[in-house]
Amino acid sequence: MGAVQSFVLPAMAGISFSVIAVAYRLGQSRRIAPLDLLGICGAVGAGIFAMLFARTGVSLGAVPLPVWLWGILGGLGQYAAVKMLAGALRLGPLSPLWCMVSLGFVPTLVYSAMFLGEAMRPLQYAAIGASVLCVMAAAAKPDDPAAAAGRRQDRFAWLLYPLLLVAILLTNSVVPIGQRALNAQSAGLAEAGPAHGHLLLCLCYLMLMLCAIVDALITRRPRGTLANLAMLGLLTSVGSVCGLAILNTCASSAIVFAVQGIVQIVVVALISVLAFGERTSASWYGTIVLGILAVTLANWDAVAGGITSVVAQQAAG
């Protein structure tokens, strides 16, 4: 791969996914929950990936059961992750929380080793260790005095934030785990492989939309204005769909996901501090650095190889 596919396009995908985090934070001050935004995003994404699936010419009857199951599970996992993310946003800053969203490869590595027979390299074990430290650093956030005072009556309240971080990490990884499992199953199927991927994402978006609608009917929570909901919902949709579309144009490789993951961690951290006034601390810096380190270690061979290849191409050109 050249520099564009190895670095530029994955970086653009990372920036696109960062837009989702920005929309979440903007919605927080406008009484709009992340799930409300992803409900709109689910409708847009389901429509787009349904059209992409239709263009492959593969009939729904030819789609194996695992695709349907992973699609439904992926949507439910995203729903659970977004519900917990809304709670975590009330307890802590955005940047460390978004690191958890970017570390979905950790459960995927474990799943691949346990169920797909993929051997983990030593640096990938180190990446898992860095991810554990990243969660610990994120959980060590300094409390807002007023918020802390309001929680002192519950002696177990200090456990809530780290438990939410771990739960978000696990539930947010259902989609990449499903993609990895289906890629292993669809290996060698030139037509069915891409079709299965499009349908998987269509089902995930559709389930997320349905869960958002049911949740809205049950909770009847207060919401902001329709104009703000539409604007931020569109922003979330653009970030999510564009990010996935850009990744689909890149070759599926470790360096692509490494660059995308690092960029979204850094971009969200910078925006949170510069635009939203997020306070930095030792635990904040530790979370960001450990998150970047975990992504880099998990994909080190591809990152080093990609950098070497690009440098060699530039020297030859």
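Everything quoted here is computed from the prediction, not taken from an experiment.

About the thresholds
- Residues take numbers from 1 onward in each chain, read along the sequence in its written order.
- Restriction of local features to residues with pLDDT of at least 70 applies here, the model being predicted, together with a cutoff of 80 or more for giving and counting side-chain atom pairs; totals for whole chains, interfaces and linings are based on all residues.
- Excluded from the side-chain calculation are hydrogens and water; included are all heavy atoms of the structure.
- A helix here means a DSSP run of H or I that spans at least four residues, while a strand means a run of E at least two residues long, and both kinds are numbered starting from the N terminus.
- Three exposure classes are used, based on accessible area relative to the maximum for each residue type with a 1.4 Å probe and protein chains only: buried under 20%, partly exposed in between, and exposed over 50%.
- Two residues qualify as a contact provided that any one of their heavy atoms is within 4.5 Å of a heavy atom in the partner residue.
- Only the protein chains shown count as cover for residues, and the accessible areas themselves come from Shrake-Rupley with a 1.4 Å probe.
- How sure the predictor is of each residue is captured by pLDDT, a score from 0 to 100.
- Residues enter a nonpolar core if they are buried and are Ala, Val, Leu, Ile, Met, Phe, Trp, Tyr or Cys, with the set joined through side-chain atoms within 4.5 Å.
- Like-charged residues are merged into a patch within 9 Å and nonpolar side chains (Val, Leu, Ile, Met, Phe, Trp, Tyr) within 5 Å, provided each residue has over 30% relative accessible area and no salt bridge.
- By definition here, a salt bridge exists when the distance from a side-chain nitrogen of Lys or Arg to a carboxyl oxygen of Asp or Glu is within 4 Å.
- Put simply, two rings from Phe, Tyr or Trp (the six-membered ring, in Trp's case) pair if the centres are within 6.5 Å, and we call them stacked under 30 degrees between planes, edge-to-face over 60, tilted for the rest.
- Simply put, an axis is a line fit to the C-alpha atoms, just over the touching stretch for a helix, and the angle between two N-to-C directions goes from 0 to 180 degrees.
- The cut-offs work like this: below 35 degrees is roughly parallel, past 145 is roughly antiparallel, 65 to 115 is roughly perpendicular, and the gaps in between are oblique.
- Crossing handedness is defined as follows: a turn of the near helix away from the far one that is anticlockwise and smaller than a right angle gives a left-handed crossing, while the clockwise case is right-handed.

## So, the overall build of the protein chain
Across its full length, the protein chain holds 14 helices and 0 strands. For the protein chain, the sequential pattern of α-helices and β-strands runs α-α-α-α-α-α-α-α-α-α-α-α-α-α. Here the protein chain holds 317 residues, and 48% of them are scored as buried. Contacts spanning at least 24 positions in sequence make up 88% of the contacts within the protein chain whose residues lie at least 6 apart. With the model as given, the accessible surface of the protein chain reaches about 14900 Å², and the carbon-plus-sulfur share is 72%.

## Describing the confidence of the model for the protein chain
Predicted confidence across the protein chain gives a mean pLDDT of 85, with 84% of residues reaching 70 or more. Considering each helix and strand of the protein chain separately, the mean pLDDT is smallest for helix α7 (residues 145-151), with a value of 43, and largest for helix α2 (residues 34-56), with 94. Per-residue pLDDT stays below 50 along residues 143-153; that stretch engages in 6 contacts with residues further than four places along the chain or on separate chains.

## Side note on the environment of A245
Structurally, A245 is set in helix α11 (residues 226-249). For A245, a relative accessible area of 38% gives the class partly exposed. Separated by 196 residues in sequence, A245 and F49 have C-alpha atoms that sit 9.8 Å apart.

## Things to note about helix α4 (residues 94-102)
Counting buried positions along α4 gives 9 out of 9 residues, so the element sits mostly inside the fold. Inspection of α4 places L94, S95, P96, L97, W98, C99, M100, V101 and S102 among the buried residues, and these make up the whole buried set.

## Focus: the nonpolar core
When a protein is soluble and globular, its nonpolar side chains tend to lie buried together. Y24, W70, L85, W98, M100, L103 and F105 are the most contacted members of the largest nonpolar core, which has 84 residues in total. Examining the composition of this core, we find that 10 residues originate from one element, helix α10 (residues 192-219), more than from any other. Those residues in contact with L103 that sit more than four places away from it in its chain are S131, C134, L169, G291, A294 and V295.

## Brief notes about a nonpolar patch on the surface
A cluster of nonpolar side chains, contributed by L206, L210, I213, V214, L217 and I218, occupies part of the molecular surface with about 560 Å² of accessible area. Inspection of the secondary structure assignment puts V214 in helix α10. We classify V214 as partly exposed; its relative accessible area is 46%.

## Some details on unusual backbone geometry
Here the phi dihedral of R31 falls at roughly 60°; this positive angle occurs in a residue that is not glycine. Considering the arrangement of structural elements, one finds R31 in the loop between α1 (3-28) and α2. R31 sits in the exposed class, given a relative accessible area of 54%.

## Things to note about the packing of aromatic side chains
As enumerated under the stated definition, the model contains 5 aromatic pairs in all. Both rings, one in W70 and one in Y111, keep their centres 6.0 Å apart while their planes meet at 90°; by these two values the pair is edge-to-face. Here W70, found in helix α3 (residues 65-91), pairs with Y111, found in helix α5 (residues 105-115); they are 41 residues apart in sequence, far enough to count as distant. Through a chain of ring-to-ring contacts, three or more aromatic side chains come together here, namely W70, Y111 and F115.

## A few points about the pattern of salt bridges
What the rule picks out here adds up to 2 salt bridges. A salt bridge links K83 to D215; the nearest nitrogen and oxygen atoms lie 3.0 Å apart. With K83 in helix α3 and D215 in helix α10, this pair connects stretches of sequence that are 132 residues apart. Looking at K83, the relative accessible area reads 36%, which means it is partly exposed. With a shortest N-O distance of 3.2 Å, R180 and E118 are connected by a salt bridge.

## Re the packing of α4 against helix α6 (residues 122-139)
The contact between α4 and α6 brings their axes to 10 Å, and the two run at 155°. The pairing of α4 with α6 is recorded here as roughly antiparallel in orientation. With respect to the hand of their crossing, α4 and α6 are arranged in left-handed fashion. Contacts between α4 and α6 involve P96, C99 and M100 from the former and C134, V135 and A138 from the latter.

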